[in-house]
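This is what each chain is made of:
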Amino acid sequence: MSGFWTTDQVLALATNTNTIKNSRGLAHIKYWPILGRNHQVVWGICQGSDKYQVKASIEEATFDCSCPSPQIPCKHIIGMLLLLADNPQYFPECDAPEWVAKWLDNLIRKAAKKAEKLAQASAKPVDKEAQARRIAAREKKIALGLVELDLWLTDLIRQGLSSTVGKSYDYWDTMAARLVDAQASGLARRVRELAGVASSGAGWQERLLEKLGQIYLLARSYQNLAQAPAGLQADIRSLIGWNQSQDELLLANGLRDHWLVLGQIIEEDPLALNPIKVQRVWLFGRESQRYAMLLNFAVFMQPLERSYSFGECFDGELAFFPSAFPLRAIIKERSKFDLEQNYSFLLRHKNIAAAMAAFAEIIIEYPWFGRLPMVIADIVPLHLRDYPTGQKEHFILQDEEGHYLPLSKEFQMQWQLIAQSGGHPITIFGEWNGESFLPIAVLK
Amino acid sequence: MDEWQKLISNSVIGTSRQQFQLSRLTSTLHNAQLKQFLQGLEKLDGEHQILAAAAALSLYQKIGHSPAQTNEPLPIPCADDELPVCNQKVANYFARIQGEYIQLLPQFLAAIRLANKAAPYQILPDLLTLGQKNIHLREDIIAILGTRGRWLAKLNSDWQYINEYYLAIDINNLTLWQTGNRNERIAFLKQLRSQDAQQARELLISGWSQETPEDRVKFVELFKEQLSMDDEPFLESLLDDKRKEVRRIATDLLAQLPESRFQQRMRARVLPLISLKVEKKKSVLELKLPAECDKEMLRDGIEAKKAQGKMGEKTWWLLQMISLLPPATIAQALNISVTELLTIIKQSEWKEMLINAWLMASERYYDEEWLEAMLYHELSVPKIIQLIKPERAEAVLIDQLLNVQERIPANLIDILKVHTHNWSERLSLLFLNCLRTHIEIPSMVSHIDGHVRNALKVFGLVMPPELYIKADQNRPLNAQTWSLWQSVVDELVSLLQFRYELLKEINA
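Peer 1: So what exactly am I meant to see when it comes to the side chain of Ser323 of chain A here?
Peer 2: Residues and elements named next belong to chain A. Relative to the helices and strands, Ser323 is located in the loop between strand E8 (312-320) and strand E9 (329-334). A polar atom in the side chain of Ser323 sits 2.7 Å from the side chain of Asp235. Those residues within four positions of Ser323 in sequence are excluded, and the remaining contacts are Gly231, Ala234, Asp235 and Tyr366.

Below, the structure written as structure tokens:
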């Protein structure tokens, strides 16, 4: 039975382990005198100490429960979905009862409203004048911010990088805060990041100079934006801090394909002012032979919309954010999720040298490029003791030519990867950031 | 790249102290485009020249960067597994055991071992780390590592204990015994002991005087296996060893050899102190205390000073001596059955001391008749249930449950709790029945209910997992206090069901 979530996916929805614990007991038919589903929703009445109406739209990953818990999804929702994962036979296909239909109507109405708004946005000419005024005001602020940044950078080089030794985070944060005021949040973020670079141990001078060079280049590029090609212009604008409106994006033509999920990375954004979970989902299109990345956010304690795992797939249309190397996308439209059996269509590099050459090609066009998704065939994960750099131990991926890449320090499953490979060459999908490789999936 | 290094050093010092000269970079550059770009910076001030050059050079390096290369060939990969490897779902269950059901870990390992399979590859690192910290889990972990796990263990120094275990031991090659490290020598002697007990003993004796006290302890412990009267002269000599731990192990082993000189001495000390006399037509046990703890007694491991408690010193000596004899020794000497002896001591002031001594003796020396007699008299039942064979324990518990009239008495829960062998279906169903009745009959004494509820967590580990359906149907929904029981019954059902599905997957 495809289309339903697996137990693991359901558990991934839960925001904390207590919900998981409490929901486990509820995943039992005896608590559910009424259960049902149609092509859109799954519902049930949970009869515990109280009676609750639980409904879930699997496709839209939208849930609702009449219980008073502030957690969404609550234990009743998770419990019902766990039961569904293990025993779909308990959920007969039937007409939705009134309370479900009502909720569904509401959902549809909301979606329609959103679509309407979108249509209006495209139909109704916006107050161009007002918009232009707003943009001009922001441009002015940014321009002033860039002048200030330039002075700060010049002063830093004049005093020398050694002058930053012993300086507190305030030194960096003050400049970053000014850039936030100047509405250049992207640049602010890069400046804030410098504090960590400056205290990153041996070789910090080189890393700091490299980052300063990048910031300088970005600021200068923005000042000369018109000279850049269109895609790169969009990159530079977004790196400075301009947001691309998703509504606008949805109006443009997307890319229709059969998309394979390669995996996801969930991390806390350390540089965000408020704790936030960031989910990067990597996709690969069968016909277009292109990668795409979905970026989702969830504020602290809230669940991510959906958990993705390697091998899932859907047919659909993605809208890409404009870029010199478009990767980030949003889903305009898609079919139900299914499981892909054959992923021989995946693009793969035959060795490390080929993968690195591909990376070099991209940074020529796009110097600030962050992470390149790639599949490298026939590499062996290894553990080295007494690594030449003086680190006590080190994990690498080595190919048959003897080339090797260090594994990312973020990656915690080094030994599992080695156990899985058994010293045999394996094919790995992951991200290369110019310094280290972060494995995301092992292709069987 | 030299130019990059020059740029770094200038920017570290700062232009206020060292003027930046663009020509220092461009003069040595080979790449014409890069050179041209840098020369184009002439119009800028020194600070901006550095910033722009930093952007250009670091990018130039990144683009031209070729991955590091080594001449080291790839290591030889791991051979194929001999055992069938458990599937991915078993790995998922393992993750849940670590998160929610850690008490099931020993069962999980044993079940894979029993199925004669190897653990799924992904969980091998976690298993190896668990074995490093938990010695009691090692044997099962080692059994399910498979070829892949043993291969993996060699790569991480934290997991070396596995390699020592797998040391190929050739008992005909004495080099390992003569030159090996402590663990290797223990492994060698253990192997030899299991194949040729006599040769192992003679080998050990030949170099005994040179062994360190710590090693002696480890070596003597190995004599538990294949213990016989042939070991007696050596063990007897160890009573004079300098190390207390060595002497303690020796007395422990000698106590298991009824014909040993040690046992004879103990009998000679204890039996004259005990006699029967008839008072008012009833047999009464007469007991004299030893007058002193002499040197010979000290040599035989009797501790003169008592740690704590209100027992007198002399009683303490006697207790220790009785505990070193097989539990039925006194009854035999008095020419009565153990049951009779237990009847006689029921009123005796020495009852507590004697029973304690015999319980200690029972851990060294298994005597079914004595254990049965204890059960017959309902003495120290929880302890006896632990000592006696599991089938017998089952029978006793079934009997007791059959006699439960209404609510389950607290002491029966205590006994059930120590029966940690897998319960039979009959015992489990009987218990579930009693539990239902127990819940249905409300009581003012609610602390017993708390006791029962706690115990359910333990029972769920040993009941046959396939009973989860019956356990689930066993819900007195109309009972007054049902709401207090619902969640623990849910937990019991979930635990059983989890175990059921886990086993199904392991044996798939």
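Peer 1: Sorry if this is basic, but what is going on with the packing of helix H5 (residues 88-99) of chain B against helix H30 (residues 482-506) of chain B here?
Peer 2: Helix-helix packing is characterised by the crossing angle of the two axes and by the distance between the axes. All names here are of chain B. Viewed as axis vectors pointing N to C, H5 and H30 meet at an angle of 150°, and their least axial separation amounts to 9 Å. For the pair H5 and H30, the sense of crossing is left-handed. On the side of H5, the interface is formed by Lys89, Val90, Tyr93, Arg96 and Ile97, while H30 contributes Phe498, Glu501, Leu502, Glu505 and Ile506. Taken together, the residues of the contact of H5 with H30 sort by class into 6 nonpolar, no polar and 4 charged.

Peer 1: Would you explain the interface of chain A and chain B in this entry?
Peer 2: Interfaces are frequently sized by the accessible area removed from exposure as the parts join. With 52 residues of chain A at the interface, the matching set in chain B holds 54 residues. For the pairing of chain A and chain B, the buried interface totals around 4700 Å² over both sides, and the portion due to carbon and sulfur atoms is 62%. Applying the counting criterion to the chain A and chain B interface returns 3 salt bridges. Of the charged contacts in the structure, one is a salt bridge between Asp490 of chain B and Lys30 of chain A, with a shortest N-O distance of 3.7 Å. Across the chain A-chain B interface, the total number found is 22 residue pairs in polar contact (both at pLDDT 80 or more). For the side of chain A that touches chain B, the secondary-structure elements that each account for two or more residues are helix H2 (17-26), helix H5 (128-159), helix H8 (204-223), helix H11 (352-365), strand E11 (372-385), strand E13 (403-406) and helix H12 (414-421) of chain A. In terms of residue count, the dominant contributor to the side of chain A that touches chain B is H8 of chain A (9 residues).

Peer 1: Could you clarify how one ought to interpret the sheet that holds strand E4 (residues 62-65) of chain A in this entry?
Peer 2: Each strand in a sheet pairs with its neighbour through backbone hydrogen bonds, running either in the same direction (parallel) or in the opposite one (antiparallel). All names here are of chain A. If you trace the 4 strands from one edge of the open sheet to the other, you get E1-E2-E3-E4, paired in antiparallel fashion. Single-partner strands in this sheet number two, and they are strand E1 (34-37) and E4. On average, adjacent strands in this sheet sit at an angle of 10° to one another, irrespective of strand direction. When strand E2 (residues 42-47) meets strand E3 (residues 51-57), the two strands line up antiparallel, connected through 6 bridges.

Peer 1: What am I meant to see in the pairing of strand E2 (residues 274-279) of chain B here?
Peer 2: Remember that side chains alternate between the two faces of the sheet whenever the strand is regular. All names here are of chain B. Sheet analysis places E2 next to strand E3 (residues 282-287), joined by 6 bridges and oriented antiparallel. Its bridge partner being in E3, Glu279 is matched across the sheet by Lys282. Counted between consecutive antiparallel strands, the loop separating E2 from E3 contains 2 residues, among which Lys280 sits at a positive phi close to 45°.

Peer 1: How should the packing of aromatic side chains be read in this particular structure?
Peer 2: Aromatic ring pairs: the centre-centre distance and the angle between the two ring planes describe each pair. Within this structure, the stated rule accounts for 30 aromatic pairs over all chains. Taking the ring centre of Phe320 of chain A as reference, the NZ or CZ of Arg290 of chain A above it sits at 4.2 Å.

Peer 1: Explain the nonpolar core here, please?
Peer 2: Soluble, globular proteins show a tendency: their nonpolar side chains are buried together. Ranked by internal contacts, the top residues of the largest apolar core, which has 134 residues, are Leu149 of chain A together with Leu7 and Phe108 of chain B. A total of 9 residues in this core trace back to one element, the largest contributor, which is H8 of chain A. Residues within four places of Leu7 of chain B in sequence aside, it is in contact with Leu209 of chain A together with Phe20, Leu25, Ile50, Ala53, Ala54 and Leu57 of chain B. Ranked by size, the runner-up nonpolar core spans 108 residues in total, among them Ala250, Ala331, Ile336 and Val489 of chain B.

Peer 1: I'm lost on the pattern of salt bridges in this one. Help?
Peer 2: Side-chain pairs of opposite charge can arise whenever the charged atoms involved come near each other. Residues and elements named next belong to chain B. Evaluation of the coordinates by the stated rule reveals 43 salt bridges over all chains. Of the charged contacts, one joins Asp231 and Arg201 as a salt bridge, the two residues approaching to 2.6 Å between their closest N and O atoms. Taken as a pair, Asp231 in the loop between helix H14 (213-221) and helix H15 (232-238) and Arg201 in helix H13 (residues 197-206) lie far apart in primary sequence, 30 residues in all. Across the pair, exposure class does not vary: Asp231 and Arg201 are buried alike. A salt bridge links Arg299 to Glu236, with the shortest nitrogen-to-oxygen separation between them at 3.0 Å. With Arg299 in helix H18 (residues 295-299) and Glu236 in helix H15, this residue pair connects regions lying 63 residues apart in the sequence. Via salt bridges that share partners, Glu236, Asp240, Arg265, Arg269, Arg299 and Asp300 belong to a single interconnected network.

Peer 1: For this particular structure, what's the right way to read helix H6 (residues 169-181) of chain A?
Peer 2: Because an α-helix packs 3.6 residues into every turn, residues spaced three or four apart end up facing the same way. All names here are of chain A. In this model, H6 (13 residues) spans 18 Å end to end at C-alpha, consistent with the 18 Å of a helix rising 1.5 Å per residue. Restricting attention to buried positions, one finds in H6 the residues Trp172, Met175, Ala176 and Leu179. Each buried residue of H6 lies within a common arc of 100° when the element is viewed along its axis, so the set occupies one face. Turned more than 90 degrees from where H6 packs its buried face, Asp170 and Asp181 sit exposed. Where H6 is buried, its residues touch H5, helix H7 (185-198) and H8. Immediately beyond the C-terminal end of H6, within one or two residues, lies Gln183, with a positive phi of roughly 60°.

Calculation criteria
Residues numbered from 1 in each chain as written. Chains lettered and ligands numbered in written order. Predicted model: local features only at pLDDT ≥ 70, side-chain atom pairs only at ≥ 80, totals over all residues. Heavy atoms only, no water. Helix = DSSP H or I, 4+ residues; strand = E, 2+ residues; numbered from the N terminus. Polar contact = N/O pair within 3.5 Å; in protein donor to acceptor, adjacent residues only side chain to side chain. Contact = heavy atoms within 4.5 Å. Axes fitted to C-alpha atoms, helices over the stretch in contact; angles between N-to-C directions. Left-handed = near helix turned anticlockwise from the far one by under 90°. Nonpolar A, V, L, I, M, F, W, Y, C, P; charged D, E, K, R; others polar. Buried area = accessible area lost by both parts, 1.4 Å probe. Salt bridge = Lys/Arg side-chain N within 4 Å of Asp/Glu carboxyl O. Pairing = 2+ DSSP bridges. Phe/Tyr/Trp six-rings, centres within 6.5 Å; stacked < 30°, edge-to-face > 60°. Lys NZ or Arg CZ within 6 Å of the ring centre and 35° of its normal. Core = buried A, V, L, I, M, F, W, Y, C linked by side-chain atoms within 4.5 Å. Buried < 20%, exposed > 50% of the residue type's maximum accessible area, 1.4 Å probe, protein only. Expected span 1.5 Å × (residues − 1). Arc of directions from axis to C-beta.

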